[in-house]
Every structure is written in structure tokens, then in C-alpha cells.
Amino acid sequence: MRSIIALFMILCCTAFSLVVDSSLPAKALSAGEGEFLPILIAVERPGRVEILATARQVPMSHRRNWATAELRKLSDEHQAPVLRELARMERAGDVRNIRPMWIGGSIALDVSATAFDRILQIPKIAVIADNSPAKLVQAAFESIRSERPFAPADAMAVTDAMNQVKAPQAWAMGIIGERVIVAVLDSGVRYTHNELVNRMWMNSGETPGNGSDDDMNGFVDDYHGYDFVNSNGDPWDDYGHGTNCAGLVAGDGSWEYSTGTAPGAQIMALKVVNHTGWGQPAHVSWAVQYAVDMGAHVLSISLGWSDPSDAIKNYFRVIFEDVLAAGVIAASSAGNGSGSGGHFPAPRDISAPADCPSPWQAGASSNTAIVAVGAMNIGATEIANFSSLGPTHWDTETYTDFPHPPGLMKPELTAPGTNVQTTSHFGDASYTSWFTGTSASCPIVAGAIALVLSKNPALSPEEVDSLFRATATDFGSPGHDNTYGAGMLNCSLLVAGTPLPEFPIFSIEAHAIDDSPPLGDGSGVFDAGETVRLIVDVYNRGAPATGVTVTAVVLSDPFITVSSPTSNIGLLATGETKDNTGDP
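Residues numbered from 1 in each chain as written. Predicted model: local features only at pLDDT ≥ 70, side-chain atom pairs only at ≥ 80, totals over all residues. Heavy atoms only, no water.

Quick word on the overall build of the chain
Piece 1. Looking only at helices and strands, one finds 13 helices and 23 strands in the chain.
Piece 2. Taking 25 Å as the expected radius of gyration for a compact globule of 584 residues, we find that the chain reaches 25 Å, a close match to that expectation.
Piece 3. Principal-axis analysis of the C-alpha atoms places the extent of the chain at approximately 85 × 60 × 45 Å.
Piece 4. Within the span of the chain, comprising 584 residues, buried residues form 57% of the whole.
Piece 5. In the chain, the share of contacts with a sequence separation of at least 24, taken over all contacts with a separation of at least 6, comes to 74%.
Piece 6. Taking the average location of the 33 positive side-chain charges in the chain and that of its 63 negative ones, the two points are 6 Å from each other. (Helix = DSSP H or I, 4+ residues; strand = E, 2+ residues; numbered from the N terminus. Rg over C-alpha atoms; globule rule 2.2 N^0.38 Å. Buried < 20%, exposed > 50% of the residue type's maximum accessible area, 1.4 Å probe, protein only. Contact = heavy atoms within 4.5 Å. Lys, Arg positive; Asp, Glu negative; His and termini not counted. Charge placed at Lys NZ, Arg CZ, Asp CG, Glu CD.)

This is the structure in C-alpha cells:
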């Protein structure tokens, strides 16, 4: 009885500064001898709000690097005293598996149930969330386990869902999502599938299968992404849900069916869900951080916590505030209600993290990267009966900007989500037409974001969000509502309404060394004592430019000198690639 009273008193004393997952105290009290609890901590980070506000003013070309550098410094500073206390507890055998992240100021760890009350006493902790596995993939009727061929099986057929959102009209404008990386956080991807094999992101700094962390990013063999469930570099799909989603982002029709909204985009496969559809918040957080660090432009998150606790809500809101600061946008499935067409009572029906305020949401004390996506019936104008309904609430003590009533209006928009045709994980030429749930509608929108950023990579998440709202086909009550959001995705209007960049946007697409005689020996290897020419391919995604030059700089290598650092490229039109062979 004394332990129960002590734990209750600690919670009372810390209630105004700390949000604890409601499930954890009971778990700690009922745990067996020597049992450990998996938890997530988010530390307080004074100065975070100022970084978020400043990030909005930074041009997109620099926003990711600036924001992640500032947030890393902030997290390191404020995690340090917490980590010191956790290290002391680890030496005493009360804590294990301490894994800090810069994103959200997060720390994942396992704590002894008998020492849980000591965690509550550590200063400067804002959130303690339960990191236990949960059923994250709630595809209606487990349709992903079934498979049937399309009918009719016409080669290069465009699926009903793509026609419904008018994707072919967007492709006809020459916009297919090229050079945009979409991270799919799910059960992995069958990356050998015929419709996906040419769409997979490849980590240029990594040699696949050599057992080494070639790019020194902390992940071994992460060539197409990473498996955060099994901690290895092979994000293979052993459940099916992720391959279904990847096909709706970028299935390119090169084999048989055009299933993806952005058939030119790249898929970064991040496995956060196991072979039964279960996952942990820490795996999702690690995957989000990886995606931001490795250059993903869009996140597709077809998973979520139904009827989430305040701790889970707060935890993921902080995570996706940081994602927005970095200039990355995320499509998130709104949820499938309480299952089989039922719904949780308002304001509890929208899953986390889809419940977070969107980039362009007015009235938020802090915005996030999240765009929540509901599901429409295929080939129809009504909402699917399972699609989670708004509003959601933000009166969680830490956040009080959208108390209910009236709450925060959700979702942001809708897309087809019943009997959607897409790629299947059962084989490299396998498809399904039974994929159902907001899990299906979410990647369709993620692909649409890729279309927008392909046309204009300088647009911010805030601008992309506003474009969705302005171009969606309105259904239900006029304007934004808690059923359809702003309406159904319309790719044709969305891409047509996306402005072209007003300035040049350059990227280095490839590079090579030329060591041909007389300067070199022609071996293709930069040998000691050799002089080589550096050949680079420069691509312009923005407005036409004249007088383009490339300058080579050596960073911290005393053994390499640059004798002729600048090359002239000259005129570079929109969409044009040139190299510097004429002036190496």
C-alpha cells in the first residue's frame, strides 16, 4: 500500500509539468519481479518554439540543414542532465537500452518496474509515454491478406483510384514526382516488385550487403532504407501492408498497372511494423529521424494509435513539430474509427499522429508536418463508413490550443480508400484490388505531395498544405468539415495550381573523375601523385539561369589540393542537365 501511495503522490506533485501515459503507473505496480517497462521520454527544450518560428523564414534550400543543426544542439543540451541520471540508474541495474534521439528531444529506454517512480522525479522531463508494442496497422477487414487479379487485365492500365483523383491529367502536364524521395513508414517494401524496383531510393553512400556502415550514419547496409523492428539494413516486407502503400505512392506501370500517384518518385523503405502489424513508438520515431537526416522530402505514415492517450498525443506532436521545422511534410492516415465501421465518440476518433495540427492550420500554438487523410469510397462521392471523423482535441495540459468543444477540425482532405488496386507482397508481379482503409488513401496523398514538390521543390510544407485545401473537390458541407476535410484530392487542379519556381534550383546529379593521359594514368582511380579532372552533372529544377559555375572545395583533407577550382556551365534551362566537360 505504501508503494501505491508514494507513486500517487509523485504523480500529483508532477502533474503540472509532466504528462505520464495513463497505462504506466498500473503496469509498474502490477509488474513481476525483475520486469522492465519500455518507455519513451521527451525532455523539456526551452527555445524550441523560437526555432520552429525562425525555421519558417529560412529558404527551403537551407531549411533542413539549419533546423536539424539547431534542434540537435538544443536536444543535446537539455538531454544531457537527464542522460547523466539515467546512466547512474543504469549502473545500478535499474535502467537499460538507453537510446537518445535528437528529434523531439526523445530518449527510449527500459526501466525496472520497481524504479519507475525514480524516473518521475527526474527534472526537465515533459512526457513519459508507453513504448509497448501496439497494433498500428488497422486495415479494414485485413484486406491485405487477400489477393485477386484486376479485371480486365489490360497492360499499362491506370487504376480506378488514380483516375478518381485525376492523376493521369497531372502526368500529362509532365509532372510525375521525379527527384522526390517519399519515405514509407510501414511493414517494409517488397523492393523487387516489378512496379517498384525502379522506384526504390538508393543510398549512394552505402554499398549493399558488405556488412559495413560505409556512410557512417549509424546504420549498416541501409541501401533502400532500414528495418527498425529487427535492427538491420533489409526493410523487406513480411506482412504486405507496406508494399500495398508503396505501390500507391509510386507504382510506375512499367510492368502492368499504374498504381501510384507519383510514378517518378523514389521510395525510401522504413520498416516500423512487424509481420503481424504491431510496432512501437520508438521505432516510428527512429524512422522519422532517419528520413529527415537522409533527405526524404515526404513521409507516408499509414499507421497510428487509436484513441490515443495524452502522452502519446503530446509525444508525437513534438516529434512532428521538429519534422516541420526541417521543411518536411507528412501524410498520415486519419484512422479507421473503432473498427468495422464503428467510431469512437468525438473528439477521440482521429488516430495519433494524424491528430496533430497541420502545417497551415490557423490558431495553433505550434504547427506540425502532419496532413491527415480520410477515405472515400472508390468511384463514389461519399465518405467510407470506417473513415475516422473529426474533430480531435488539444487540451492535454501541455497543449491547450484546441479544447473540445469545438476542437480541431480533421481530416485535412480525403482520397479513395476502399477496394483500392495496388501492388502486393506475394510476388514480383502480384497485385491486389482489395486494399481498404485510410491506410490506402494516405499514400495516394503522399504521392500527390511528391507531384507538387517535383514541379516546385522550393515550396514549404505550409504552402503545400494550403494548395491541397484550395484545390480539393469539395463534398459534404461547403468548405472544410470534420468528415471530408477540404474535400477529395484532385491532382489535376493541384498540379495546375502549383506555381513554378521563381529562381534557379541546382543539384549535383552525378560526378566522375577523368584521369586520362597526360594528367593521369587512365585507370579510373584517383591515385597518389595524380592529377584528375572532376566531371559533375548539374540539374536545374527551377527558373532558367545564365552564367552558372561550379566550384570545388576540399574539406579537411591535407593530401588533396584543387588547382583549378571553378568550372563554367553557362546557360542552364529549366529541367536541363549539363556537365562541365568543356571546362573541367
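Describing the environment of Val272
Piece 1. The topology assignment puts Val272 in the loop between β11 (266-271) and β12 (278-279).
Piece 2. C-alpha separation for the pair Val272 and Val323, spaced 51 residues apart in sequence, amounts to 18 Å.
Piece 3. Filtering out sequence-adjacent residues up to four positions away, Val272 remains in contact with Leu185, Asp186, Phe228, Val229, Trp278, Gly279, Gln280, His283, Val284, Ala287 and Leu303.

Quick look at helix α12 (residues 461-471)
Piece 1. For α12, the buried fraction is high: nine of the eleven residues fall into the buried class.
Piece 2. For α12, the set of buried residues is Pro461, Glu462, Val464, Asp465, Ser466, Leu467, Phe468, Arg469 and Thr471.

Observations concerning the packing of aromatic side chains
Piece 1. Across all of its chains, the model carries 13 aromatic pairs by this definition.
Piece 2. Look at Tyr226 and Phe228: their rings are 5.0 Å apart centre to centre, the planes differ by 65 degrees, and that puts the pair in the edge-to-face class.
Piece 3. Residue Phe228 is classed as buried on the basis of its relative accessible area, which comes to 6%.
Piece 4. Measuring from ring centre to ring centre gives 5.5 Å for Trp394 and Tyr399, while their planes differ by 75 degrees; the resulting arrangement is edge-to-face.
Piece 5. A relative accessible area of 4% places Tyr399 in the buried class. (Phe/Tyr/Trp six-rings, centres within 6.5 Å; stacked < 30°, edge-to-face > 60°.)

Thoughts on the sheet that holds strand β16 (residues 413-416)
Piece 1. Strands sit in the order β9-β11-β8-β13-β14-β15-β16 across an open sheet of seven strands; the sheet is parallel. Whereas interior strands pair on both sides, the edge strands pair on one side only; in this sheet they are β9 (225-227) and β16. Taking the axes of each pair of neighbouring strands and ignoring which way they run, one obtains an average angle of 25 degrees across the sheet.
Piece 2. Relative to β16, strand β15 (residues 370-376) runs parallel, the two being bridged by four bridges. Within β16, the position partnered with Ala375 by the bridge is Ala415. (Pairing = 2+ DSSP bridges. Axes fitted to C-alpha atoms, helices over the stretch in contact; angles between N-to-C directions.)

Some details on the environment of Ser132
Piece 1. With respect to the element layout, Ser132 can be found in the loop between β5 (125-130) and β6 (134-135).
Piece 2. Note: C-alpha distance between Ser132 and Gln280 (148 residues apart in sequence) is 5.9 Å.
Piece 3. In contact with Ser132, not counting residues within four places along its chain, are Lys27, Pro38, Gly279, Gln280 and Pro281.
Piece 4. Engagement of the side chain of Ser132 in a polar contact is seen with the side chain of Lys27, the distance being 3.2 Å. (Polar contact = N/O pair within 3.5 Å; in protein donor to acceptor, adjacent residues only side chain to side chain.)

Focus: the nonpolar core
Side chains of a nonpolar character, in soluble globular proteins, are inclined to be buried together.
Piece 1. By size, the foremost hydrophobic cluster in this structure holds 66 residues, and its most contacted members are Met268, Leu299 and Phe320.
Piece 2. When residues of this core are assigned to their parent elements, the largest contribution, ten residues, is made by helix α10 (residues 310-325).
Piece 3. The residues touching Met268, leaving out its near neighbours within four places in the chain, are Ile181, Val182, Ala183, Val184, Trp201, His224, Gly225, Tyr290, Ala291, Met294 and Ala296.
Piece 4. By size, the runner-up hydrophobic cluster in this structure holds 51 residues, among which are Ala167, Val184, Cys442 and Val495. (Core = buried A, V, L, I, M, F, W, Y, C linked by side-chain atoms within 4.5 Å.)

Quick word on the environment of Phe435
Piece 1. The topology assignment puts Phe435 in strand β18 (residues 431-435).
Piece 2. Placed 13 residues apart in sequence, Phe435 and Thr422 show a C-alpha to C-alpha distance of 7.3 Å.

Honestly, that's just the spatial picture; any functional story needs more than this.
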